[in-house]
Amino acid sequence: MDAPSLRELAALAARDDNARDVLLARVRDMALRYSRVRLGRFGAEDTAQDVAQEVCMAVVTALPTYQERGLPFEAFVYTITSRKLADAQRAAMRGPSPVADVPDGPDDGPSPESVAVMRDDAATAMALMQQLPGQQREILTLRVAVGMSTDETAAALGMSAGAIRVAQHRALTRLRAMIAEAGAGDVA
């Protein structure tokens, strides 16, 4: 049996605590994946977790007054997430924040060199993606980085699944060409 859609869960959430819990788990997962992608270049996993939590709180707060307007519930969640992310990105740009405790031992995480290479590669990919039209950029973010299905992406962006597939194909083709051009420029 197919899992209920977010729209169905939202309708049940007002009177069924279990449906509300399932809805919030799926909303949190969706918001967290999208937040990780959008905030990843800042190395802000904690911030992505915070944004996902804020999205869940906003959805719970809005559920009693939420009215079905013909748009998918995913679009509603996507709008909330985008706004919470904008707030988080503004806060991240303001500068470093103090930490509670100074670490006692060495960091077992990736080396500074590997982090620098990874961030450079991510910055290059993000710079190339910025050259794509906004809609294609969002489709790639939702489909490839966040992992949403074609139908979920179509619902979130108010498009047909076929239009999503065509736009994704065009965006990936253009991105491959830009990567090849950038690679050819590095060699020369």
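About the thresholds
- Residues numbered from 1 in each chain as written.
- Predicted model: local features only at pLDDT ≥ 70, side-chain atom pairs only at ≥ 80, totals over all residues.
- Heavy atoms only, no water.
- Helix = DSSP H or I, 4+ residues; strand = E, 2+ residues; numbered from the N terminus.
- Buried < 20%, exposed > 50% of the residue type's maximum accessible area, 1.4 Å probe, protein only.
- Contact = heavy atoms within 4.5 Å.
- Areas by Shrake-Rupley, 256 points an atom, 1.4 Å probe, with all protein chains shown as cover.
- Phe/Tyr/Trp six-rings, centres within 6.5 Å; stacked < 30°, edge-to-face > 60°.
- Salt bridge = Lys/Arg side-chain N within 4 Å of Asp/Glu carboxyl O.
- Core = buried A, V, L, I, M, F, W, Y, C linked by side-chain atoms within 4.5 Å.

Caption draft 1: A look at the overall build of the protein. Counting secondary structure elements, the protein contains eight helices and zero strands. Listing the helices and strands of the protein from first to last along the sequence gives α-α-α-α-α-α-α-α. Along the first, second and third principal axes, the C-alpha atoms of the protein reach 60 × 50 × 30 Å. For the protein, with 188 residues in total, the buried portion stands at 30%. Of all intrachain contacts in the protein linking residues separated by at least 6 positions in sequence, the fraction that spans at least 24 positions is 61%. Surface accessibility of the protein: about 11900 Å² in total, with carbon and sulfur atoms responsible for 55%.

Caption draft 2: Representation of the packing of aromatic side chains within the structure. Applying the stated criterion across every chain yields a total of two aromatic pairs. Ring plane angle 50° and centroid distance 5.3 Å describe the contact between Phe73 and Phe76, whose orientation is recorded as tilted. Residue Phe73 and its partner Phe76 are both found in helix 4 (residues 73-93); the two are separated by three residues, about one turn of the helix. Its relative accessible area of 0% is what places Phe73 among the buried residues. The exposure class of Phe76 is partly exposed, given its relative accessible area of 22%.

Caption draft 3: Looking closely at the pattern of salt bridges. Counted according to the given criterion, the structure contains four salt bridges. Where Asp17 meets Arg20, a salt bridge forms, and the shortest distance between an N and an O atom there is 3.0 Å. With Asp17 and Arg20 both in helix 2 (residues 17-39) and three residues apart, the pair spans about one turn of that helix. The class for Asp17 is partly exposed, based on a relative accessible area of 48%. Residue Arg20 pairs with Asp21 through a salt bridge whose shortest N-O separation is 3.5 Å. For Arg20, a relative accessible area of 28% puts it in the partly exposed group. Because the salt bridges share partners, they merge into one network encompassing Asp17, Arg20 and Asp21.

Caption draft 4: Representation of the nonpolar core. The biggest cluster of nonpolar side chains holds 31 residues, and the ones touching the most others in it are Leu23, Val27, Val55, Val59, Leu63, Phe73 and Val77. By residue number, the principal contributor to this core is helix 2, which donates nine residues. Here Val27 is in contact with Val55, Cys56, Val59, Phe73 and Val77, once residues within four sequence places are set aside. Core analysis: the next-biggest nonpolar cluster, separate from the first, contains seven residues, Leu128, Ala171, Leu175 and Met178 among them.

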